[in-house]
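Below are the chains, spelled out letter by letter.
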Amino acid sequence: MSDDLIFMMGSYEARFPQDRNYVESHLWFQPQGEVYRVGFTAYSVRLLQDVYFLDWTIDADMAVRKKQEVGEVESSKALSTLYAPADGRLVAFNDAVLDDPSLINTDNYGAGWLFEFATEAPTLAPAEYLELLDAGWEATQRIIKGQMND
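What comes next is a walk through the structure.

Procedures and definitions
- Residues numbered from 1 in each chain as written.
- Predicted model: local features only at pLDDT ≥ 70, side-chain atom pairs only at ≥ 80, totals over all residues.
- Heavy atoms only, no water.
- Helix = DSSP H or I, 4+ residues; strand = E, 2+ residues; numbered from the N terminus.
- Rg over C-alpha atoms; globule rule 2.2 N^0.38 Å.
- Buried < 20%, exposed > 50% of the residue type's maximum accessible area, 1.4 Å probe, protein only.
- Contact = heavy atoms within 4.5 Å.
- Areas by Shrake-Rupley, 256 points an atom, 1.4 Å probe, with all protein chains shown as cover.
- Pairing = 2+ DSSP bridges.
- Axes fitted to C-alpha atoms, helices over the stretch in contact; angles between N-to-C directions.

Turning to the overall build of the protein, a few remarks are in order. Counting secondary structure elements, the protein contains four helices and 11 strands. Against the globule reference of 15 Å for 150 residues, the protein gives a C-alpha radius of gyration of 15 Å, in line with a compact fold. Taken along the three principal axes of its C-alpha coordinates, the protein extends 40 × 35 × 25 Å. Within the span of the protein, comprising 150 residues, buried residues form 40% of the whole. Long-range contacts, defined as pairs at least 24 residues apart, comprise 58% of the intrachain contacts of the protein with a sequence gap of at least 6. With the model as given, the accessible surface of the protein reaches about 8,300 Å², and the carbon-plus-sulfur share is 47%.

This is how it looks when you write it as structure tokens:
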């Protein structure tokens, strides 16, 4: 996709399609009628590395509050809690990633989407999201290097 924006994570290119928006919790939001389809950005997939387990701790079609726990993801790096990206309603889960979480690694902007979400919360344009990544990249690198030295 030639119109993707690129953020360099060391020597790794993290690509960000411009046909969707983003949120600070490193998820993409793509309009699908009256809801958003939501998935992990290339940045978050790179930091997670090799997702192999996903589980939801709430049911679909539930109202959620920002930062409410909604699930867990396990990768070669860690077991991480997933939180609601904003106040809204988690409409439906992508059953395909429950059956095969590796879709998150191989097609995070396509078949590897996580859930559909209804919200009025603001999102970031692709260029704004890259500015956010750039502003926090130095701190992220220190965290990554600290984990590697544990």
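Okay, back to it.
A separate point is the sheet that holds strand β5 (residues 35–40). Taken together, six strands build an open sheet; the order of strands is β3-β4-β5-β11-β10-β7 and the sheet is antiparallel. Both edges of this open sheet fall to β3 (21–23) and β7 (62–64), since each of them pairs with a single strand only. Neighbour to neighbour, the strand axes of the sheet diverge by 40 degrees on average, direction disregarded. Where β3 meets strand β4 (residues 27–32), three bridges bridge the pair, whose relative direction is antiparallel. Paired with Tyr22 across the strands is Trp28, a residue of β4.

With that settled, consider the sheet that holds strand β8 (residues 69–75). Read across the sheet, three strands follow the order β6-β8-β9 without closing on themselves; strand pairing throughout is antiparallel. Lying at the two open borders of the sheet, with one neighbouring strand each, are β6 (51–56) and β9 (79–83). The sheet shows a mean angle of 25 degrees between the axes of neighbouring strands, taken without regard to direction. In the sheet, β6 pairs with β8 via five bridges, with the strands oriented antiparallel. In the sheet register, Leu54 faces β8, and the bridge partner there is Val73.

By themselves, these are just geometric observations and shouldn't be taken as functional.
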